[in-house]
Amino acid sequence: MISRRTRDFNKLFHSLPQTIQKLSIQTYKLWSSNPNHPGLHFKQIGSTEIWSIRIGAKYRAFALIKEDNIARWFWIGSHEHYNQLLKQLRNIAKGKISYN
């Protein structure tokens, strides 16, 4: 699978502590060789094109994977922020977000 990082992802990545940056690189290398490795918890969010991956116990990342099979990593951050963003994404998918 081809992998790309968005500018937003890169900004978030560089704002992380150095230890988490290193851990995310290790996680990426493992994912590149075996996306189904059980330690990654790489999973699709509902029936959307959004996937999440575990980076250690306290961090997560999101990727958008469309039919072209390119993983577009667009977010990385703490598990706490992941839960907040996940709730927003689920609300968008359910049509509960108003854009007024």
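As a reminder, the structure under discussion sits directly above these lines.
Residues numbered from 1 in each chain as written. Predicted model: local features only at pLDDT ≥ 70, side-chain atom pairs only at ≥ 80, totals over all residues. Heavy atoms only, no water.

J.: Describe the nonpolar core, naming the residues involved and giving the relevant values.
T.: Core analysis: the biggest nonpolar cluster contains 16 residues, and Trp31, Phe42, Ile53, Ala61, Trp73 and Ile76 have the highest contact counts within it. Breaking this core down by element, the ones donating at least two residues are helix H1 (7–15), helix H2 (18–33), strand E3 (50–55), strand E4 (59–65) and strand E5 (70–78). For this core, the leading source of residues is E4, giving 4 residues. Counting residues in each nonpolar core, the second largest holds 8 residues, with Ile45, Phe62, Trp75 and Leu85 among its members. (Core = buried A, V, L, I, M, F, W, Y, C linked by side-chain atoms within 4.5 Å. Buried < 20%, exposed > 50% of the residue type's maximum accessible area, 1.4 Å probe, protein only. Helix = DSSP H or I, 4+ residues; strand = E, 2+ residues; numbered from the N terminus.)

J.: Talk me through the pairing of E5; I want residue IDs and the actual numbers.
T.: Two faces belong to every sheet, and in a regular strand the side chains alternate between them. Among the 9 residues that make up E5, 7 are buried, leaving the element largely enclosed by the rest of the structure. As judged from the 4 bridges shared by strand E1 (residues 2–5) and E5, these two strands associate in the parallel manner. Note on E5: the bridge partner recorded for Arg5 is Trp73. Strand direction decides the pairing type here: E4 and E5, joined by 7 bridges, are antiparallel. Within the sheet, the bridge partner assigned to Phe62 lies in E5 and is Trp75. (Pairing = 2+ DSSP bridges.)

J.: Residues and numbers for the sheet that holds E1, please.
T.: Backbone-to-backbone hydrogen bonds join strands into a sheet, with any given pair of strands oriented parallel or antiparallel. Taken in spatial order, the 5 strands line up as E1-E5-E4-E3-E2 in an open sheet, and their pairing is mixed. With partners counted over all chains shown, the strands left at the sheet margins are E1 and strand E2 (43–44), one partner each. Sheet contacts for H1: E1, E4 and E5; angle to E5, the most-contacted strand, approximately 35 degrees. Relative to E3, H2 is tilted by about 120 degrees, and along the sheet it contacts E1, E3, E4 and E5. (Contact = heavy atoms within 4.5 Å. Axes fitted to C-alpha atoms, helices over the stretch in contact; angles between N-to-C directions.)

J.: An account of the pattern of salt bridges is needed here, citing residue identities and associated values.
T.: The full count for this structure, using the stated rule, is 1 salt bridge. Here Arg72 and Asp68 are joined by a salt bridge, their closest N and O atoms 2.6 Å apart. For Asp68, a relative accessible area of 41% gives the class partly exposed. (Salt bridge = Lys/Arg side-chain N within 4 Å of Asp/Glu carboxyl O.)

J.: Could you give an account of the pairing of E4, with specific residues and numbers?
T.: With 6 of 7 residues buried, E4 lies mostly within the body of the structure. Here E3 folds back onto E4, and the loop between the two strands holds 3 residues, one of which, Gly56, carries a positive phi near 70 degrees. Here E4 folds back onto E5 in antiparallel fashion, the turn holding 4 residues, of which Asn69 has a positive phi close to 65 degrees.

J.: Tell me about the packing of aromatic side chains, residues and numbers included.
T.: Describing an aromatic ring pair means giving the distance of the ring centres and the angle of the ring planes. Applying the stated criterion across every chain, the model contains 8 aromatic pairs. Ring geometry for Tyr28 versus Trp31: centroids 5.8 Å apart, planes at 35 degrees, classification tilted. Linking Tyr28 with Trp31, this pair stays in helix H2, spanning 3 residues, or about one helical turn. Here Phe62 and Phe74 contribute two aromatic rings whose centre-to-centre distance is 5.8 Å and whose plane-to-plane angle is 10 degrees, an arrangement assigned as stacked. In this pair, Phe62 is assigned in strand E4 and Phe74 in strand E5, connecting sequence segments 12 residues apart. (Phe/Tyr/Trp six-rings, centres within 6.5 Å; stacked < 30°, edge-to-face > 60°.)

Take it as geometry only, folks, not as evidence of what the structure does.
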